Structure formats: structure tokens, C-alpha cells
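Spelled out from the first residue to the last, the chains are:
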Amino acid sequence: MGKAKSQAFKEEFSLEERVQESQEIIAKYPDRVPVVAERYTKSDLPRWRRRSRSGVDIFCFFVFDHVGGNRFLVPRDMSVGQFIHILSARLHLAPGKALFVFVKNTLPQTSSLIESVYDSFKDEDGFLYMCYSSEKTFG
């Protein structure tokens with residue numbers, strides 16, 4: 001199994017910047033979880049574009065409520081299935097087009113709450129990193 005790629009956000013910001021941001025988000029919005037969802041590099045799904053601080057285009061998507069700039073949050077009580085449904089809608093996927101979300105190369109159950117996935121898989125910087133793909137496996 002190949003490794004899921006979720007480096008764009010990590011490459012753009014230092015660990016210290018990401019830790020500070022996640023701590024500020026959690027302190028200000030304790031009922032939300034900071035999530036970064038990025039398209040798997042080999043996926044045929046559309047990419048979300050946003051411009052980095054340096055002006056270089058970074059292909060990634062922050063799935064949360066808009067807080068300011070490019071920062072958003074996901075409700076802790078949202079299920080993974082609801083999250084996938086929202087991603088599908090925002091990606092404008094055709095009906096019947098499959099969408100899979102991976103966390104550390106694991107396919108979380110759609111009935112799992114984002115909070116439990118966050119508690120199990122959050123990164124050292126305080127963000128939950130997810131990759132999305134149209135394929136059920138990486139490779």
C-alpha cells in the first residue's frame with residue numbers, strides 16, 4: 001500500500017506555526033476540530049485550490065466552518081459519513097461517484113464521529129489530516 005500524501009499544508013507552515021494555530025482554534029472553538037483534507041496525489045478527483053502566503057498555488061482543501069482567511073473547523077459531533085457527503089457536494093462529484101476518506105492510510109467507519117477519529121489520529125501539530133480519493137485503496 002502506498003503512502004497517502006498530505007504534505008502541502010505541512011510543507012507550507014512550520015510545526016510551530018501549525019501547533020500555535022491548532023491550539024488557538026481549539027481554545028476559541030472547543031466544539032470544533034481542526035481538519036486538513038487533501039486530495040490523494042494519484043486520485044482523479046478535482047483539486048481544491050488556494051493560494052499560499054508566498055503566492056504559490058497549493059492544492060488542498062480545509063474542511064471546516066469559515067473562521068477567517070483560509071481557516072475552517074469541523075463540528076466534533078459530525079460523522080465521517082456526513083463529512084464525506086459534504087466533501088462530495090463541494091467537489092461537485094457526479095451522482096454515484098465514490099469518495100473515500102483516509103486517515104493515516106486507514107479508512108475510518110462512516111458512522112464514527114469526527115471527534116473520535118481526531119482523538120485517535122490527530123497529528124503532533126493538533127490537526128487531523130485526511131486524504132480523499134475515488135479509490136478504496138492506495139497503491
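Predicted model, so just to flag it, every value in this text is computed and none were measured. Residue indices begin from 1 for each chain and proceed along its sequence in written order. Owing to the predicted nature of the model, reporting of local features is limited to residues with pLDDT of at least 70; listing and counting of side-chain atom pairs is limited to 80 or more, with chain, interface and lining totals taken over all residues. The side-chain figures draw on all heavy atoms in the structure; neither hydrogens nor water molecules are used.

**Observations concerning the pattern of salt bridges**
Any two side chains of opposite charge can pair, so long as their charged atoms come close to each other.
Move 1: Every case where a carboxyl oxygen of Asp or Glu lies within 4 Å of a side-chain nitrogen of Lys or Arg is listed as a salt bridge. A full pass over the atoms with the stated rule returns four salt bridges.
Move 2: One salt bridge in this structure joins Lys10 and Asp123, with 2.9 Å as the shortest N-O distance. Taken together, the residues span a long stretch of sequence, with Lys10 in helix H1 (residues 8-12) and Asp123 in the loop between helix H4 (114-121) and strand E8 (128-133) at a distance of 113 residues.
Move 3: For Asp125, the salt bridge is made with Arg18, and the minimal N-O distance between the two is 2.6 Å. Taken together, the residues Asp125 in the loop between H4 and E8 and Arg18 in helix H2 (residues 15-28) connect sequence positions 107 residues apart. Only DSSP runs of H or I with at least four residues qualify as helices, and only runs of E with at least two residues qualify as strands; both kinds are numbered from the N terminus onward.

**Quick word on the pairing of strand E2 (residues 35-39)**
Move 1: Accessibility here uses a 1.4 Å probe with only protein chains present; expressed as a share of the type maximum, an area under 20% marks a residue as buried, one over 50% as exposed, and anything in between as partly exposed. Buried residues dominate E2, accounting for five of its five residues.
Move 2: By the alternation rule, side chains of E2 split into Val35, Ala37 and Arg39 and Val36 and Glu38, which are all buried.
Move 3: Pairing between strands requires that DSSP locate at least two bridges from one strand to the other. When E2 meets E8, the two strands line up parallel, connected through five bridges. Counted as the bridge partner of Ala37 is Met130 from E8.

**Here's the deal with the side chain of Ser79**
Move 1: Mapping Ser79 onto the fold places it in the loop between strand E6 (71-75) and helix H3 (80-90).
Move 2: Overall, the relative accessible area of 13% leaves Ser79 in the buried class.
Move 3: Contacts: residue pairs with any heavy atoms within 4.5 Å of one another. Excluding residues within four positions of it along the chain, Ser79 makes contact with Thr110, Ser111, Ser112, Leu113 and Ile114.

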